Every structure is written in structure tokens, then in C-alpha cells.
Amino acid sequence: KGDVFDVPSSGDEAEPTPKPVHKIRQAAITRIDPKPKPKPKPKHTEKASTDTAEDLGSRKRMKMTPEPEPLLKRLPANAVIRPPKPRPSVFPRKNRQTSPASGQFIKVVPSRPKPMPPSPKRLEVPSTPKKLSPAPPRELSTLSTPSPHLSDIDMMDVDPTGNTISPRGMKLWQGLLERGRRGSIPTLKPLASFHEEEDEDSTIGAVRNVHELRKAGANNRFLDEVQDYLDRIGRPDSTKLSMRRSGLLDLASKMKDKEFAGKFRANGMEMKLFMHLGLEQDVVSGYLMVSLLITTLMDGSIPHVIAQLRRQGITRLLIRLLDCPSSIAAVTRDRKTNMSKVAQSLVAEHHDYLLKIPVWDELQPQLISPRTLALKCIERMVRQTREAGNASDIFSKELTTNLFGLLQSGSQLEWWNLPKDRQAIDFYLALSALESHSITARTVHDESIWISDYLPIIADTLVIALSRPLDTFGQQQALILRLTLNVTNNNPKASDVFARPALMSVIGRTLVAKFQQISRFLTEDDFTVVIEHLVLCLGMMINLADRSSAVRESLQSLEGDVSDPLDSMVQTFLENQERMSMAESVEESQKNVAFGYLSVLLGYFSLDPAIEKRIKEKQARKTLRPIVASIKEFIGHHKTVDDLIAADEDGHNPQAGLTERLESLVSKLESLSF
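Residues numbered from 1 in each chain as written. Predicted model: local features only at pLDDT ≥ 70, side-chain atom pairs only at ≥ 80, totals over all residues. Heavy atoms only, no water.

1. Notes on the overall build of the protein chain
Scanning the protein chain for helices and strands turns up 28 helices and zero strands. In the protein chain, which comprises 674 residues, the share counted as buried stands at 39%. Residue pairs at least 24 apart in sequence account for 74% of intrachain contacts in the protein chain once pairs closer than 6 positions are excluded. For the protein chain, the exposed area adds up to about 40,200 Å²; of that, 53% sits on carbon and sulfur atoms. (Helix = DSSP H or I, 4+ residues; strand = E, 2+ residues; numbered from the N terminus. Buried < 20%, exposed > 50% of the residue type's maximum accessible area, 1.4 Å probe, protein only. Contact = heavy atoms within 4.5 Å. Areas by Shrake-Rupley, 256 points an atom, 1.4 Å probe, with all protein chains shown as cover.)

2. Considerations on the nonpolar core
Counting 140 residues, the largest nonpolar core has Met381 and Ile507 as its most contacted members. The leading source of residues in this core is helix H22 (residues 524-547), at 12 residues. Met381 has contacts with Leu293, Leu297, Ile306, Leu309, Ile314, Leu318 and Ile394, leaving out every residue within four places of it along the chain. (Core = buried A, V, L, I, M, F, W, Y, C linked by side-chain atoms within 4.5 Å.)

3. Digging into the side chain of Thr488
Within the secondary structure, Thr488 sits in helix H19 (residues 475-488). Judged by relative accessible area, which is 0%, Thr488 ranks as buried. A polar contact of 2.7 Å, which involves the side chain of Thr488, links it to the backbone oxygen of Thr484. (Polar contact = N/O pair within 3.5 Å; in protein donor to acceptor, adjacent residues only side chain to side chain.)

4. With respect to the packing of aromatic side chains
Overall, the coordinates contain nine aromatic pairs when judged by the stated rule. Plain terms: the ring middles of Phe404 and Tyr454 are 4.5 Å apart, the flat faces sit at 5° to each other, and that makes the pair stacked. Taken together, the positions of Phe404 in helix H15 (residues 397-407) and Tyr454 in helix H18 (residues 447-466) put the pair 50 residues apart, joining distant regions of the chain. According to the relative accessible area criterion, Tyr454 is buried, its value standing at 5%. Relative to Phe595, the ring of Phe515 lies with its centre 5.0 Å away and its plane at 15°, an arrangement referred to as stacked. Remark: Phe595 occurs in helix H25 (residues 586-605) and Phe515 occurs in helix H21 (residues 501-518); sequence separation between them is 80 residues. (Phe/Tyr/Trp six-rings, centres within 6.5 Å; stacked < 30°, edge-to-face > 60°.)

5. Comments concerning the side chain of Asn576
Looking at the element boundaries, Asn576 is found in helix H24 (residues 566-576). With a relative accessible area of 7%, Asn576 lands in the buried category. Of the polar contacts made by the side chain of Asn576, one reaches the backbone oxygen of Thr572; its length is 2.8 Å.

6. Quick notes on the packing of H22 against helix H23 (residues 549-556)
Two numbers describe how H22 lies on H23: the axes approach to 5 Å, and their chain directions differ by 105°. Here H23 runs roughly perpendicular to H22, going by the angle between their axes. Contacts between H22 and H23 involve Leu544, Ala545, Asp546 and Arg547 from the former and Ser549, Val551 and Arg552 from the latter. (Axes fitted to C-alpha atoms, helices over the stretch in contact; angles between N-to-C directions. Parallel < 35°, antiparallel > 145°, perpendicular 65-115°, else oblique.)

7. With respect to the pattern of salt bridges
For the coordinates displayed, the defined rule picks out 16 salt bridges. A salt bridge links Asp546 to Arg547, with the nearest nitrogen and oxygen atoms 3.7 Å apart. The salt bridge partner of Arg661 is Asp546, with a shortest N-O separation of 2.5 Å. Of this pair, Arg661 sits in helix H28 (residues 656-673) while Asp546 sits in helix H22, and the two are 115 residues apart along the sequence. Three or more residues joined by partner-sharing salt bridges are found here, namely Lys376, Glu379 and Arg383. (Salt bridge = Lys/Arg side-chain N within 4 Å of Asp/Glu carboxyl O.)

8. Digging into unusual backbone geometry
Glycine aside, a negative phi is what most residues show, and trans is what most peptide bonds show. Not every positive phi belongs to a glycine, and Asn338 is a case in point at roughly 60°. Looking at the secondary structure, you find Asn338 in the loop between helix H12 (328-333) and helix H13 (341-356). The exposure class assigned to Asn338 is exposed, which follows from its relative accessible area of 66%. A positive phi angle, near 50°, is found at Gln364, a position not held by glycine. Mapped onto the secondary structure, Gln364 falls in the loop between H13 and helix H14 (370-387).

9. Describing a negative patch on the surface
A cluster of like negative charges, contributed by Glu524, Asp525, Asp526 and Glu587, occupies part of the molecular surface. It is H22 that provides the largest number of residues to the negative patch, a total of three residues. Along the chain, Glu587 falls in helix H25. (Patch = residues over 30% accessible without salt bridge, like charges linked within 9 Å, V, L, I, M, F, W, Y side chains within 5 Å. Lys, Arg positive; Asp, Glu negative; His and termini not counted. Charge placed at Lys NZ, Arg CZ, Asp CG, Glu CD.)

10. Points about the packing of H19 against H22
The geometry of H19 relative to H22 is characterised by a closest axis approach of 9 Å and an angle of 25° between their N-to-C directions. In terms of orientation, H19 and H22 fall into the roughly parallel class. When you trace H19 past H22, the crossing you get is left-handed. Each of Ala478, Leu481, Arg482, Thr484, Leu485 and Thr488 in H19 lies in contact with H22, whose residues at this interface are Glu532, His533, Leu536, Cys537, Gly539, Met540, Asn543 and Leu544. (Left-handed = near helix turned anticlockwise from the far one by under 90°.)

11. Topic: H19
Residues that lie three or four places apart on an α-helix share one face, since the helix turns once every 3.6 residues. Between its first and last C-alpha atoms H19 spans 20 Å; for 14 residues at 1.5 Å apiece the expected length is 20 Å, and the two agree. With 10 of 14 residues buried, H19 lies mostly within the body of the structure. Among all positions of H19, only Gln476, Gln477, Ala478, Leu479, Ile480, Leu481, Leu483, Thr484, Val487 and Thr488 are buried. Where H19 is buried, its residues meet helix H16 (422-437), H18, helix H20 (492-497) and H22. Remark: Asn490 follows H19 within two positions and exhibits a positive phi of approximately 55°. (Expected span 1.5 Å × (residues − 1).)

12. Quick look at the confidence of the model for the protein chain
Taken as a whole, the protein chain shows an average pLDDT of 75; of its residues, 64% reach a score of 70 or greater. For the protein chain, per-element mean pLDDT is lowest for helix H1 (residues 22-32), which scores 42, and highest for helix H11 (residues 314-322), which scores 95. Low pLDDT, under 50, characterises residues 1-15; the predicted model gives this stretch 17 contacts beyond four residues in sequence or across chains. (pLDDT = per-residue confidence, 0-100.)

13. Concerning the environment of Leu665
Turning to its location among the elements, Leu665 is positioned in helix H28. Aside from chain neighbours lying at most four places away, what touches Leu665 is Val600, Gly603, Tyr604, Leu607 and Ile631.

14. Details of the environment of Lys263
Mapped onto the fold, Lys263 is located in helix H7 (residues 258-266). Take Lys263: its relative accessible area is 31%, and that puts it in the partly exposed class. Separated by 44 residues in sequence, Lys263 and Asn219 have C-alpha atoms that sit 8.5 Å apart.

15. Considerations on the environment of Leu602
Position of Leu602 relative to the elements: it lies in helix H25. Overall, the relative accessible area of 0% leaves Leu602 in the buried class. Residues Leu602 and Ala545, spaced 57 residues apart in sequence, show a C-alpha to C-alpha distance of 9.2 Å. Each residue touching Leu602, except ones within four places of it in the same chain, is listed here: Leu566, Met569, Val570, Phe573, Ile615 and Ile627.

Structure, rendered in C-alpha cells:
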């Protein structure tokens, strides 16, 4: 039977205490009050008189013997022992109800346990805590209590006699023993030489897997975003026009981000974007689509896409844009276009972005019309396919005809005012595209079309270009000279088209003026431009005089005319003949190259008997030997350059053919002179 003063633990719910008898209540009150009051007389004296002597002795022992401390009482098996909280006093507050009738009793917790004599109800403990035996092995529980610290041990929990220990001290000592037993044998780390590589590989693999998962997730999100744009863009013939324009504008805005544009190309999304281009009828959508193509071509060459673009009808789209010289702002404001103010502002913002991209080089346009954008796209694609050695071409007969139609407008002065005039930019881009295309034009299309339809336009444009003042010569003149050089190289039929006295006159006078220009003091940049134009003009004239007798006859037809340039050309050769072997600088060497080409040109013109006679009369010894000697010296320099140029995979040197042609010319001239 439990004692009425047993105090449950703080975690257990107190069970209802039965009402104590009057005897125990007196003992409890006597135990707590520091000054016991006089004992009241019992009401029933008859019952007190009947108590035996044994009962009186028991009551006396209860008064004299202190009650056991609550901490030493036997507690339930599931009770958790916790250290008592310090209290300011062991005595209860006066306002607490201590009447047994209330069912509440005072919990007496001393600040420090007092030494107690041995009692049969006390726990049996080892004789001394210094020799505590290890606790018997027990099953490990998943709900383990933390190990005690030394600061938690109150050495007063041990009886001074060394025979007993309180339950709290017992628990703490057992925890220390278990912790010491567990920590007596330290855990040794494995040698790094055995497991270092394996752990490192596993760690790197785990990190790599995490990065790969993140990268894959980001790539999937990117593909989903691009697919959303592609779904909105759709097909030109089935998608609502406003939705298609909106999708193209949003994608064009995202392509401004270099990281997004790089992922776009890396995932080959351009193959899905540039579809059904030939079906596009809307100028605004076509303008946006071509701008996206230029942005894609801007950061890298993609010649593998050119074939698909051709199959998807890029040529037809470009032709439609070439027919629109108006500004894109004027197109969007047109009522037929049916665009809102917000959409117009977005197109204008995209137009401003296109003005800043680096594909324009030195052109610096102030306005980009659909025609200008289409010409830039054509020029970019043709140049990249040529540099990559790809035979794919987007040119059709209709596109080529449209480009040559732009060249026919070259007679207007504003078409040469580069880069200020918008028409001059279009003219330059058309020339650049045709010059790049002309290298493979005869293998792609019928050569007869070029000879009958296109070469006369080139000849007319060449006359206009070379008739411009020398100080205005620039990129447009260089492009038309290269174009003529490409179409007449080793082609007698094409050279015959240029057999015009007016053209021979303007070419000859330009050569003389350029030689006079390089003899004066020029800055390094100006000298480079002048010498480039001079060499191009000499090379083009050599092509014409070499392959076409009609060209030589047309020059001879100018004899006696004020516009005849032959006498001035021979005089220029004689004035610089002695300087050709005395080059002391890079500029002098470049001048000698130009004079060497001039001697070669006069040698080819000398193949005509009438011109040969005129040239001999200008010489001091009335012979062609000075010209032949100059050509031989030029061949010697040319062979030195041939040795420095590496041959291709087939062992063919591209410069070897020119050397053979020059040696053949020398043989013909020597047979005429001697």
C-alpha cells in the first residue's frame, strides 16, 4: 500500500489520493510546522483510553523519527528521474490549501538530501561510487537519453559513508561509465592511400550528377520556352497574323540575350524556326524572320542551314522584301498592315536594335528598310558559304535579275554617296552579294545568261564607277573591279563584252592618274587604298587584254583621240623603269609590284601589231627589250612568292598558272622583237 506522501514525477499525472486518517494528518502537520501548536484534546476520550501501550510507542516513534525523503522513495518503473528545481524555501506558502479535505498535499523537496540511516526500503547500491561496476548489458533503445556531463553531478548525491548513493547519482555515474566505456577505444580513420581515390571519384560523381541534373532541367525549361514561341509563330498560311507577329517579336527580343542565342543555336532550333519561308506574304513577319536569320548568322557560320533555307523558300521571301524600299516604320503605319500602336512601337524598338548590331561594319545605316535587310541577309549568306567552301547557293535567276536591276540605277549620284545615303548602302550590298556570288556563278547557272544579260550591266556600271573623282574612290569602286575581274578571268567570251573604246579610255586614264597619285606623299592608310585600287585595275585590264583581241583593237581605235590613254601609259613606264630594281622600303616594293603589272599589261597590248609599233616608237632604242626585261624581273619575284605559298592537297599551286602565262608572254614578245 502506497504512502500518502509519495510524490509522482513531474511527467506523470497524480492519481487521486484517498482521504487520510486523522492519525496521519496529525503526523503530517507536525512534520511541516516549525513551531508545533499545542495538541488539542481529543473529543472521544474513550477511544484514546482503549489504545494499547504498543500503539502509544508507535505514535511516539512516528513523532521522533523523520519521514524518508521523497527522492529516496521507490518510484514506478516507467518514471523518469529529473533533478529538482531549486526553490527559495522548503516551506509552503501560507495561502496554499493544506487541508486534507481539499485533496491536496504539500510536496516537500529539500534543497540538499540529508544523510539517512539505512532503511529496508532504500535502494541497494555499491559500497563506493569509485568502484561502481559497469552496468549490465541492455538492449539499445531508439529513444536514448543524452550522456551526462561532469557538471551535472552533485557529489553530495553520494553518501559520506560510501555505502549508499541516491537514484540521481546512480544514473549519472552509470552514464559516465557507459560513455567512458564507449570512448575507451577511439575510432581510427582508414588510411587515405586505400580509399582516397575511391571517395574522391564518388564525390566528383555525385557532384557531376547534381550538375548534370540541373543542366538537364534548365535545358528542358529552355526547350519548353522556345517551343511555346514556335507554336505561336506557326505556319504563315495557318497561323493568325497578329499571333505570328507577336511570337516573332517576343523571340527576337529574347535573341538579344547572348546566352539564349547560344543555346538556341546549340540545340539546332533554327531548323524548326525557318520553316515554310516561301509561303510568307506579310512584309512585317518576313522582316522579323529575316532579322532573326541575320542574328543567327552573326555569331557563327552555319552553311549547313543554307540548304534547308533554300528548300524552305528563303529566296522567294527575300525577293518579296527587295520590292519594299520603304522604311519599316512606314510599313507598320500603313492601314493595310493593320497593326496596333503597341505593336508598332515594338517593331520600332526592334529596328533600333538592328541598327546597333555589328554586321553593318562601316556602313552605319540610319534606317533599315525591308530591302536593305534582305540585301544584308543575302550578302551574309553568300559570303559565309564561299568562305566555308560550300556549293549551296540561294541565288535564282529572278533574284540575280533583281540585284542587277539595282546596279542599273548606279547612274544616279546619290547611289555613290556612301555611307550617308540609304540608296548608296543598298547599292553597295547588292555589289557585295554579286561579287561573292560571281566566283561560282558560271558553274551554278548558265553562262550564256551572264554574258547576254548581266555582263553589259557590269560594263556600264564600271564606266560610271571609274569616271568618279579619284578622291571619292572607295569600297564601291573596289567591289565593281573585283566583280569584273571574277567574270572575265580566263574567259574570252566574257572579255569581249568589255571591248568598248569608252571603257578602255576610262580604264587607261584611271591607271595613269593612280600612278601619279602614288608618286606623291600619302599617309599609310591612303597609300594602301590607292595601291589596292591600282593593282585591281591593272589585273582587270590584263585579263581583258590577254584573252580578247577585240579589247586590244578597241584601245587602238582611240589613236589620235584626246581620250587615248596609251601614250600616257608608256610614258609612265619609262619614268619608273629605273626605280623597279631599287626598292628600299615596303612602300617602294609595293610600287614596284604595280610597275611590274604595268609592264605586263603593255606586253599584252603589244601583241597587237599596231600597238606594238606605237610602243616601240616611244622607246629610246625603238625596241620592246625594256618591257621584256621588266617582265622577266617581275617573273623572278613572282617565282620567289610561289615558293613561299604552300600547295594544296593535290599539289597544285594557285599562283603557278600566272607564272606560266607570263613566261608564255615573254616568249611571244621575244619572237616579235628579234
